[in-house]
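# Survey of secondary and tertiary structure
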Amino acid sequence: MKILILNGPNLNLLGVREPDIYGKRTYADLVRFLENHCRQLGVGCEIRQSNHEGVLVDWIQEALGKFDAIVLNPAAYTHTSVAILDALKAVSLPAAEVHLSDVDAREPFRAVSYAGLACLTTCKGRGFDSYREAIDFLVEYLNAHREGEETC
């Protein structure tokens, strides 16, 4: 099992950008956290970050046939990117949306999530643990789906 973990704009500035909202841990800390959690589960992962919408769309498209699922923190593109929504729908891989903060408790415009329309779940407001929750959800989902295939 292999999961693609994508991070959108400004996540490379974790620890510097609004630490009262996003915390003081860095992007490198997040990568280590994710790699360790996936290793503990026996799951392969590839972690990428881009500030560019088109790059994220390209990576989602490239995931088809290479990854079993996608964890996506679209960051600001959550609220603006129909292109990311369409890419997720096109590849039809199980996906989980992630946010470090509770976007619903912030500015009203953050309540709209285009990417979330193509995701099985949204995990938010728990910092790095939002990612852990998303990974665990997808692993359970994939395992249940594979078990169902084997019994048919």
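What comes next is a walk through the structure. (Residues numbered from 1 in each chain as written. Predicted model: local features only at pLDDT ≥ 70, side-chain atom pairs only at ≥ 80, totals over all residues. Heavy atoms only, no water.)

## Considerations on the overall build of the protein chain
Filter applied, for reference: Helix numbering and strand numbering both begin at the N terminus, where a helix is a DSSP run of H or I of at least 4 residues and a strand a DSSP run of E of at least 2. Put simply, the radius of gyration uses C-alpha atoms, and a globule should come to 2.2 Å times the residue count raised to 0.38. Three exposure classes are used, based on accessible area relative to the maximum for each residue type with a 1.4 Å probe and protein chains only: buried under 20%, partly exposed in between, and exposed over 50%. Contact criterion: two residues are considered in contact whenever any of their non-hydrogen atoms come within 4.5 Å of each other. His residues and chain termini do not enter the charge count, which takes Lys and Arg as positive and Asp and Glu as negative. The location of each charge is read from NZ of Lys, CZ of Arg, CG of Asp or CD of Glu.
The number of helices and strands found in the protein chain is five helices and five strands. When the helices and strands of the protein chain are read in sequence order from the N terminus, they spell out β-α-α-β-α-β-α-β-β-α. The C-alpha atoms of the protein chain give 15 Å as radius of gyration, which agrees with the globular expectation for 152 residues (15 Å, within 12%). The buried share of the protein chain, taken over its 152 residues, is 45%. In the protein chain, once contacts between residues fewer than 6 apart in sequence are set aside, the share between residues at least 24 apart is 75%. One finds the centroid of the 15 positive side-chain charges in the protein chain at a distance of 5 Å from the centroid of its 21 negative side-chain charges.

## Observations concerning the environment of Leu34
Tracing the backbone shows Leu34 in helix 2 (residues 27-41). Under the relative-accessibility criterion, Leu34 is labelled buried at 0%. Separated by 64 residues in the primary sequence, Leu34 and Val98 have C-alpha atoms spaced 13 Å apart. Contacts of Leu34, omitting those with residues within four sequence positions, involve Ile5, Cys45, Ile47, Tyr131 and Ile135.

## Focus on the packing of aromatic side chains
Where we set the bar: When two rings of Phe, Tyr or Trp (its six-membered ring) have centres within 6.5 Å they constitute a pair, described as stacked for plane angles under 30 degrees, edge-to-face for angles over 60, and tilted for the intermediate range.
Taken as a whole, this structure holds two aromatic pairs when the rule is applied. Measuring from centroid to centroid gives 5.5 Å for Phe33 and Phe128, while their planes differ by 55°, and the two rings are tilted. Separated by 95 residues along the polypeptide, Phe33 in helix 2 and Phe128 in helix 5 (residues 128-151) bring together distant segments of the chain. Both residues of the pair, Phe33 and Phe128, count as buried.

## Some words on the sheet that holds strand 3 (residues 69-73)
For the record, the criterion: By definition, two strands form a pair when at least two bridges between them are found by DSSP. To get an axis, fit a line to the C-alpha atoms, keeping to the stretch in contact for a helix; angles then go from 0 to 180 degrees between the N-to-C directions.
Pairing within the open sheet is parallel, and its five strands lie in the order 2-1-3-4-5. The open sheet has two edge strands with one neighbour each: strand 2 (44-49) and strand 5 (121-124). Pairwise comparison of adjacent strand axes, ignoring direction, gives a mean angle of 20° for this sheet. Examined bridge by bridge, strand 4 (residues 95-99) and strand 5 share four bridges and lie parallel to one another. Note on strand 5: the bridge partner recorded for His99 is Lys124. Across the sheet, helix 2 touches strand 1 (2-7) and strand 2, and the angle it forms with strand 2 is around 165°.

## Considerations on the packing of helix 3 (residues 53-62) against helix 4 (residues 82-91)
The cut-off we apply is this: Geometric relationships in this document are graded by angle, where less than 35 degrees denotes roughly parallel, more than 145 denotes roughly antiparallel, 65 to 115 denotes roughly perpendicular, and other angles denote oblique. Polarity classes work like this: nonpolar for Ala, Val, Leu, Ile, Met, Phe, Trp, Tyr, Cys and Pro, charged for Asp, Glu, Lys and Arg, and polar for all others, with Gly in that last group.
Closest axis-to-axis distance for the helix 3/helix 4 pair is 9 Å, and the angle between their directions is 5°. By the angle between their directions, the pair helix 3 and helix 4 is classed as roughly parallel. On helix 4, the residues that touch Glu53, Leu56, Val57, Ile60 and Gln61 of helix 3 are Ala83, Ile84, Ala87, Leu88 and Val91. By residue class, the composition of the contact of helix 3 with helix 4 is eight nonpolar, one polar and one charged.

## Topic: a nonpolar patch on the surface
As a reminder of what qualifies: A patch is a set of surface residues, each over 30% in relative accessible area and not in a salt bridge, joined within 9 Å for like charges and within 5 Å for the nonpolar side chains Val, Leu, Ile, Met, Phe, Trp and Tyr. For accessible areas, the Shrake-Rupley method is used with a probe of radius 1.4 Å. Any residue's cover is judged against the shown protein chains and nothing else. Take a side-chain nitrogen of Lys or Arg and a carboxyl oxygen of Asp or Glu: if they are within 4 Å of each other, that pair is a salt bridge.
Where nonpolar side chains cluster on the molecular surface, the patch consists of Val82, Val112, Tyr114 and Leu117 and spans about 350 Å² of accessible area. By the secondary structure assignment, Val112 is in the loop between strand 4 and strand 5.

## So, the pairing of strand 4
We count it as follows: Handedness of a crossover: with both strands directed away from the viewer, a clockwise path from the first strand across the helix to the second marks it as right-handed.
Of all five residues making up strand 4, five are buried, and the element is well covered by its neighbours. Residues of strand 4 alternate between two faces, with Ala95, Glu97 and His99 on one and Ala96 and Val98 on the opposite face, all of them buried. As judged from the three bridges shared by strand 3 and strand 4, these two strands associate in the parallel manner. Across the sheet, residue Leu72 finds its bridge partner in strand 4, namely Glu97. Crossover connection from strand 3 via helix 4 to parallel strand 4: handedness right-handed.

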